[in-house]
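# Coordinate inspection notes
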Amino acid sequence: MKRIIILGSTGSIGTQTLDVVRAYPGEFQILGLSAHSNASMLEKQVAEFKPKYVLQTSESENPEAALNELVCAPDADLIVNAISGSAGLMPTFAAVKAGKRIALANKESLVMAGELIMELAKKTGAEILPIDSEMSAIWQALGARKSEVEKIILTASGGPFWGFSRKKLEGVTAKQALNHPTWDMGQKISIDSATLINKAFEIIEARWLFDVPPEKIDVVIHRQSIVHGMVQFCDGNISAILSQPDMRLAISYALNSPDRAPNNFQRVDFSKLNLTFGKPDYNVLEGLKMAYEVLKAGGIMPAVFCIADEIAVKKFLNGEIPFLGIYDFIKRSLENVKNTNVDIESIQELSLRVQRSNPSL
């Protein structure tokens, strides 16, 4: 049996990972679980799976050190990092440093420190397996043919506000922004999907995860969320991965890799499909444009982008800024921070500021 540690076990990805484990009885052992503050759900998970290691970070004097120690457990075969936001960075770094196999849902790790993490993984032999449906799709479609890639195409649902003018976006509420048309997700990622900043993060993530230059990464709007990602090769042929919008499929692929395992999750019925694709408007939902800008700037700027978004989303959900104010806050943050060479200490400092709810950078 593969022995698994799940970080963020009570969140959306964490609970769906446990659904996948239930679907394959006898294949996986839950070795460890961590959660932040949902003690009641964590207690139920512990009662069901009886893990050797249990961590509630809200009760820990030094949660970062506790998480780092957990991911380095010598008897763990796979670390699932399902922590939301910048708090997931250091556990990823620690697991990579320890040469672990990591199923990564925390895209902020690669947004903030993708170059550092991938370079370290080459040295330690750590493996990073994407759990995001889009990254999983590219991983599956790409295979070993990286040198033949002409373009990576990420699909975006467009969120709840696709087709809105900037004028119409001025008055949207948090309740509307959280109402994603196809995915049931946590608050942070739902708002990031509404701004398309989630897709911006995936552009940066794909750049480092697949070692592809930004100019070879494109985004198309695909409202149905059936096509999760495509790879266009140098001869014009395209490989695409299609499935129901169910995160458990991507999770299953990562947990069972390098094999595929049968399951009873819902299948695509092609007779009922009407798939559409469109071009994103970079001047209305500005998140995508920002990804290319911070990748071009390099250095610490992708991390600033990630941290500033995290603060801005909190402010929006608390009613302190309007929806479009998320973009304004990020722009000001990028303008006010002097760019420097990227290192884990400077990124960690930025991350800790967010976790202390510091309103400024």
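Since the structure is predicted, the reported quantities are computational estimates derived from the model, not experimental observations. (Residues numbered from 1 in each chain as written. Predicted model: local features only at pLDDT ≥ 70, side-chain atom pairs only at ≥ 80, totals over all residues. Heavy atoms only, no water.)

## A look at the pattern of salt bridges
Summed over the entire model, instances satisfying the criterion amount to 21 salt bridges. Across the pair Glu202 and Lys107 runs a salt bridge, and its minimum N-O distance is 3.0 Å. Placement of Glu202 in helix H10 (residues 197-209) and of Lys107 in the loop between strand E5 (101-104) and helix H5 (108-124) is noted, with a sequence separation of 95 residues between them. A relative accessible area of 0% means that Glu202 is categorised as buried. Overall, the relative accessible area of 4% leaves Lys107 in the buried class. Among the salt bridges present, the one from Lys272 reaches Asp269, with a minimum N-O distance of 3.9 Å. Assessed through its relative accessible area of 70%, Lys272 is described here as exposed. The network of salt bridges with shared partners includes Lys107, Asp132, Glu134, Lys199 and Glu202. (Salt bridge = Lys/Arg side-chain N within 4 Å of Asp/Glu carboxyl O. Helix = DSSP H or I, 4+ residues; strand = E, 2+ residues; numbered from the N terminus. Buried < 20%, exposed > 50% of the residue type's maximum accessible area, 1.4 Å probe, protein only.)

## Observations concerning the confidence of the model for the protein chain
Per-residue confidence for the protein chain gives a mean pLDDT of 93, with 97% of residues at or over 70. Taken together, the stretch residues 357-361 has pLDDT below 50 and engages in 14 contacts with residues farther than four places along the chain or on a different chain. (pLDDT = per-residue confidence, 0-100. Contact = heavy atoms within 4.5 Å.)

## Remarks on helix H14 (residues 325-336)
Between its first and last C-alpha, H14 extends 16 Å over 12 residues, near the 16 Å set by a 1.5 Å rise per residue. Of all the residues in H14, the buried ones are Gly325, Ile326, Tyr327, Phe329, Ile330, Ser333 and Leu334. On its buried face, H14 sits against helix H9 (187-195), H10, helix H12 (287-297) and helix H13 (301-317). (Expected span 1.5 Å × (residues − 1).)

## Quick word on the environment of Ser346
Structurally, Ser346 is set in helix H15 (residues 344-355). Between the C-alpha atoms of Ser346 and Leu285, which are 61 residues apart in sequence, the distance is 29 Å. Sequence-distant contacts of Ser346, defined by excluding residues within four places in its chain, comprise Ile300 and Asn341.

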